[in-house]
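# Analysis of the macromolecular model
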Amino acid sequence: MLSLICSISIYQCYLSVTVVLVILLSIQDVIQNKDSAKIFRDGMAGVGMIAAGGAAYYAFMKLAVRFSGTPLLEGDYDSLTNLWDNREPVVNRLVYCIKEEMSHFFTKGENIFPYQVLWTVNLLLLCICVCLAVRLVGQGRKRFGADKGKWALLFLLTAALPFAAYMMRLLNSAVHDLMVYSVWLLYLLPLLLQKWTKEEVEGEKKLRGCIAVLLGFIVFSYIQTDNAVYVKKEVESKATLSLMTQIMAQIDQAEGYVPGETPVTFVGQVSEILQEVPGTEKVKGISGCNKTSAITYPGTYQAYFDNVMLRDVSVIFDEGTAKKEEVLHMPVYPKPGYVKLVDGVAVVRLQ
């Protein structure tokens, strides 16, 4: 339980990793025809560990919030409060869970390799899983025969597995990739199914080799994809700093601007100015890779000035600013005059 508390303290989505691993161990126990009472005890021990670990984490978190004075984030798509505030119908959550989960394996924008190749490899792995599942059913008749309890438990655990892997989508109305990385544990299935059903027959080694090659390609493709993402974000980070330094210089020179006192607002987005890093269009489907700058949405401007540029800048956003007549007649970046004080606010017109 301590390891669970520590892991979800690092990132709450380790909870779904734990649930998936507990389910896989329970499935293994059923397949190995262990005593039903032991399977039940072990399963309940896993549930108890998850419940106790989650409760302890929540208690420690509340203490940390209280003593640090940092408020708990509420109302956002990944807020912990979604556990009790989410009003999305359960059926919708289940449907979107499966649809979004499948999109990770059959998508066009999350891997540097051609999607046709990746789809083919995933389809081959799926076919292997189906064939091994059929073999498992055949062997199951010999292992636990007509024991309906074992069959029912095996079916329920198998059905729960994809939802457990994507459980963060069940708890939140929207997710990003890091919140659902436990879905990649499903790549263990062909290896585990082969292990659970292996037979001393000709071709078994070839099957293991085939699975190893296919999974090896998946791992290799994502190593290459990760490298592309790292390069993309590094280049974008430097480009953003260069652009924001240029803009900050113009703000400092604006007549009437007082650092830390005069509010600053942006009309348009920095990400619309910077160009796409060449060769990275294939990874735009990955969370955080659909923008071309380190500043991705209005809420990050203030954080960028505070934590990256270390400047005393007060950023505000008012939808009415862009509609003011004086702002509409301002030049657009990079033309001279794209920074100007309007009604006591330093306006930066990027678009």
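Preceding this section is the structure that the text describes.
Residues numbered from 1 in each chain as written. Predicted model: local features only at pLDDT ≥ 70, side-chain atom pairs only at ≥ 80, totals over all residues. Heavy atoms only, no water.

## Regarding the overall build of the protein chain
To keep things clear, this is the line we draw: To qualify as a helix, a DSSP run of H or I must reach at least 4 residues; to qualify as a strand, a run of E must reach at least 2; elements of each kind are numbered from the N terminus. The reference for a compact globule is 2.2 Å times residues^0.38; the radius of gyration itself is calculated from the C-alpha atoms. The criterion used for residue contact is that any of the two residues' heavy atoms lie within 4.5 Å. Surface accessibility in these figures is a Shrake-Rupley result with a 1.4 Å probe; residues are shielded only by whichever protein chains are displayed. Positive charge is attributed to Lys and Arg, negative charge to Asp and Glu, and no charge count is given to His or to the chain ends. To locate a charge, the coordinates of NZ of Lys, CZ of Arg, CG of Asp or CD of Glu are taken.
A tally of helices and strands in the protein chain yields 12 helices and four strands. Expected size for 351 residues packed as a compact globule is a radius of gyration near 20 Å; at 26 Å, the protein chain overshoots this value by more than 25%. Along the first, second and third principal axes, the C-alpha set of the protein chain runs to 85 × 45 × 30 Å. Residue pairs at least 24 apart in sequence account for 72% of intrachain contacts in the protein chain once pairs closer than 6 positions are excluded. Here the protein chain has roughly 19500 Å² of accessible surface; of this, 64% comes from carbon and sulfur atoms. Of the side-chain charges in the protein chain, 33 are positive and 33 negative, and the distance between the mean point of each set is 11 Å.

## A word on a nonpolar patch on the surface
We count it as follows: Each patch is built from salt-bridge-free residues with over 30% relative accessible area, joining like charges within 9 Å and nonpolar side chains (Val, Leu, Ile, Met, Phe, Trp, Tyr) within 5 Å. Should a side-chain nitrogen of Lys or Arg be within 4 Å of a carboxyl oxygen of Asp or Glu, the pair is scored as a salt bridge.
A surface patch of nonpolar side chains, amounting to about 360 Å² of accessible area, comprises Leu-123, Leu-126, Val-130 and Val-134. With respect to the helices and strands, Val-130 occurs in helix H6 (residues 115–143).

## Brief notes about H6
Keep this limit in mind: Multiplying one less than the number of residues by 1.5 Å gives the expected span of a helix. Three labels apply to residues, based on accessible area from a 1.4 Å probe with only protein chains included: buried if under 20% of the type maximum, exposed if over 50%, partly exposed otherwise in between.
With 29 residues, H6 should cover 42 Å at 1.5 Å per step; its first-to-last C-alpha distance of 40 Å lies within 8% of that length. Residues Leu-118, Val-121, Asn-122, Leu-125, Ile-128, Cys-129, Leu-132, Arg-135, Leu-136, Gln-139 and Gly-140 constitute the buried set of H6. At the exit of H6 stands Gly-145, carrying a positive phi of roughly 45°.

## Here's the deal with the pairing of strand S4 (residues 345–349)
Along a regular strand, successive side chains alternate from one face of the sheet to the other. Put simply, the rule reads: In this analysis, strands are considered paired if DSSP registers two or more bridges between them.
Burial within S4 is extensive, with five of its five residues counted as buried. Of the two faces of S4, the one holding Val-345, Val-347 and Arg-349 and the one holding Ala-346 and Val-348 are both buried throughout. For strand S3 (residues 339–342) and S4, the ladder comprises four bridges, and the chain directions are antiparallel. Residue Leu-341 lies in a different strand from S4, and its bridge partner there is Ala-346.

## Side note on unusual backbone geometry
With an omega dihedral of 10°, the bond running from Tyr-333 to Pro-334 counts as a cis peptide bond. With respect to the element layout, Pro-334 can be found in the loop between helix H12 (325–328) and S3. Phi is positive for Asn-33, close to 55°, though the residue is something other than glycine. Within the element layout of this structure, Asn-33 appears in the loop between helix H2 (14–31) and helix H3 (36–68). Of the residues examined, Asn-33 reaches a relative accessible area of 33% and is grouped as partly exposed. Although it is not a glycine, Leu-310 adopts a positive phi angle of roughly 55°. Turning to its location among the elements, Leu-310 is positioned in the loop between helix H11 (299–309) and strand S2 (314–315).

## Remarks on the side chain of Thr-280
Position of Thr-280 among the secondary structure elements: in the loop between strand S1 (263–267) and H11. Here Thr-280 falls in the buried class, since its relative accessible area comes to 4%. Apart from the residues within four sequence positions on either side, Thr-280 is in contact with Ala-228 and Lys-232.

## As for the pattern of salt bridges
Applying the stated criterion across every chain, the model contains 11 salt bridges. Where Glu-236 meets Lys-233, a salt bridge forms, and the shortest distance between an N and an O atom there is 3.1 Å. Of this pair, Glu-236 and Lys-233 both sit in helix H10 (residues 204–253), three residues apart, roughly one helical turn. Overall, Lys-233 belongs to the partly exposed group, its relative accessible area being 28%. With a closest N to O distance of 3.6 Å, Lys-238 and Glu-234 form a salt bridge. Taken together, the residues Lys-238 and Glu-234, both in helix H10 and four residues apart, mark about one turn of the helix. Under the relative-accessibility criterion, Lys-238 is labelled exposed at 56%. On the basis of relative accessible area, Glu-234 is assigned to the partly exposed category, the value being 43%.

## Some remarks on the packing of aromatic side chains
Pairs of aromatic rings are described using the distance from one ring centre to the other and the angle between the two planes. In plain terms, the rule: When the centres of two rings from Phe, Tyr and Trp lie within 6.5 Å, Trp using its six-membered ring, the rings pair. Their planes under 30 degrees apart give stacked, over 60 give edge-to-face, and anything left gives tilted.
Per the counting criterion, the structure on display carries 13 aromatic pairs. On the basis of an interplanar angle of 85° and a centroid distance of 5.1 Å, the ring pair of Tyr-333 and Tyr-338 is categorised as edge-to-face. In terms of burial, Tyr-333 and Tyr-338 fall into one category: buried. The rings of Phe-105, Trp-184, Tyr-187 and Tyr-222 are connected pair by pair, giving a single aromatic cluster.

## Remarks on the environment of Glu-101
Its location among the elements puts Glu-101 in helix H5 (residues 90–105). Judged by relative accessible area, Glu-101 falls into the buried class, the value being 3%. When neighbours within four sequence positions are excluded, Glu-101 is seen to be in contact with Tyr-96, Pro-162, Ala-165, Tyr-166, Val-183 and Leu-186.

The quantities given are spatial measurements derived from coordinates; they are silent on function.
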